[in-house]
Amino acid sequence: MAQIVLFHSAHGLRPAVHAAADRLRAAGHTVHTPDLFEGRTFDDTGETTAYEAASAYQEEIGGSDELLKRAVTAVAPLSAEGLVYAGFALGGAVAQNLALADEKARGLVLLHGTSDLREDASTEIPVQLHMAEPDPFEPEDWVNAWYLRMVRAGADVEVHRYRGAGHLFTDADLPDYDAEAAGRAWAAALAFLEELG
């Protein structure tokens, strides 16, 4: 079974992330859930969206570079074992960056988010992406270009799209939640992880 590191979205380390980790553990995997926001969580309020609040917090702490440092620190004691990286939205971007830099990475599961790739990126890991269709944060042109760049880098890529689902459709505590799409996504992700052995 896989050793998985699962990164949270811009909402922070919320119950949905723990529920996802428990689902993966029930399938026999070992799961780590680093808290990149050090206990902070963000929800929509009358004044700001969760994404705006999370973005302001990230700027306070030093931006995406600081988030990546925190992520690297969290996985450093685990990476020798060969990790599967996974993440939700923002956490998917973090997971992708770490997986492509880790020569021992065994796989990458992206839920609701991707990251840009360097032109010289090279990897042979299997990758599975789950996206709403359409997704306001990941336009179709972006996802198509991301797919082509990832394949060119050498990855074995699967893309699963969920028409009509909201951006974070796997999070039961958010308005985006879509039980049918979430069920299909988790079934595919668990099958993917089982294949990794």
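Because the structure is predicted, anything quoted here is derived from the model rather than measured. (Residues numbered from 1 in each chain as written. Predicted model: local features only at pLDDT ≥ 70, side-chain atom pairs only at ≥ 80, totals over all residues. Heavy atoms only, no water.)

Nonpolar side chains tend to gather and get buried jointly when the protein is soluble and globular. Counting residues in each nonpolar core, the largest one holds 36 residues, and the members touching the most others are Phe7, Tyr85, Leu108, Val127, Trp146 and Met150. Those elements giving two or more residues to this core turn out to be β1 (3-7), α2 (50-61), α3 (63-75), α4 (90-101), β4 (107-111), β5 (126-133) and α5 (140-153). By residue number, the principal contributor to this core is α2, which donates 5 residues. Those residues within four positions of Leu108 in sequence are excluded, and the remaining contacts are Val84, Tyr85, Ala95, Gln96, Ala99, Ile125, Pro126, Val127, Gln128, Met150 and Phe192. With 22 residues, the next largest nonpolar core counts Ile4, Leu168, Leu174 and Leu196 among its residues. (Core = buried A, V, L, I, M, F, W, Y, C linked by side-chain atoms within 4.5 Å. Buried < 20%, exposed > 50% of the residue type's maximum accessible area, 1.4 Å probe, protein only. Helix = DSSP H or I, 4+ residues; strand = E, 2+ residues; numbered from the N terminus. Contact = heavy atoms within 4.5 Å.)

Under the 1.5 Å per step criterion, the end-to-end length of helix α1 (residues 15-26) is 16 Å for 12 residues, consistent within 8% with the ideal 16 Å. Residues of α1 that are buried: Ala16, Val17, Ala20, Ala21 and Leu24. All buried residues of α1 project into a common sector of 140 degrees when viewed along the axis, lining one side. The outward face of α1, more than 90 degrees from its buried face, is lined by the exposed residues Pro15 and Ala26. Where α1 is buried, its residues contact β1, β2 (30-32), β3 (84-88) and α6 (179-196). After α1 finishes, the residue Gly28 shows a positive phi value of roughly 100 degrees. (Expected span 1.5 Å × (residues − 1). Arc of directions from axis to C-beta.)

Strand order across the open sheet formed by 6 strands is β2-β1-β3-β4-β5-β6, with parallel pairing between neighbours. Two strands bound the open sheet, and with one partner strand each, they are β2 and β6 (156-163). Strand-to-strand twist in this sheet, taken as the mean axis angle between neighbours without regard to direction, amounts to 15 degrees. In this structure, β4 lies alongside β5, joined through 4 bridges in parallel fashion. Bridge pairing links Leu110 to Leu129 in β5. Set on the sheet, α5 makes contact with β4, β5 and β6; between it and β6 the angle comes to about 165 degrees. Relative to the sheet, α6 contacts β1, β3, β4, β5 and β6, its axis offset from that of β5 by approximately 175 degrees. (Pairing = 2+ DSSP bridges. Axes fitted to C-alpha atoms, helices over the stretch in contact; angles between N-to-C directions.)

Where α2 meets α3, the axes come as close as 7 Å, and the angle between the chain directions of the two elements is 80 degrees. Relative to α3, the element α2 lies roughly perpendicular. The segment α2 lies against α3, with Tyr57, Gln58, Glu59 and Ile61 engaging Gly63, Glu66, Leu67 and Arg70. (Parallel < 35°, antiparallel > 145°, perpendicular 65-115°, else oblique.)

For the structure shown, the criterion picks out 9 salt bridges. A salt bridge links Arg14 to Asp171, with the shortest nitrogen-to-oxygen separation between them at 2.4 Å. Highlighted residues: Arg14 in the loop between β1 and α1 and Asp171 in the loop between β6 and α6, separated in sequence by 157 residues. Overall, the relative accessible area of 8% leaves Arg14 in the buried class. Between Arg25 and Asp22 there is a salt bridge; the shortest N-O distance is 3.1 Å. Highlighted residues: Arg25 and Asp22, both in helix α1, separated by 3 residues, approximately one helical turn. Connected through shared salt-bridge partners, Arg14, Asp43 and Asp171 make up one network. (Salt bridge = Lys/Arg side-chain N within 4 Å of Asp/Glu carboxyl O.)

A separate point is the packing of aromatic side chains. What the rule picks out here adds up to 6 aromatic pairs. Pairing Phe42 with Tyr57 gives two aromatic rings, centres 5.7 Å apart and planes at 45 degrees, and the pair type is tilted. With Phe42 in the loop between β2 and α2 and Tyr57 in helix α2, this residue pair connects regions lying 15 residues apart in the sequence. Ring centres 6.4 Å apart and planes at 65 degrees place the aromatic pair Phe88 and Trp186 in the edge-to-face group. Note that Phe88 is positioned in strand β3 and Trp186 in helix α6, a separation of 98 residues in sequence. Here Phe88 matches Trp186 in class, with each residue buried. (Phe/Tyr/Trp six-rings, centres within 6.5 Å; stacked < 30°, edge-to-face > 60°.)

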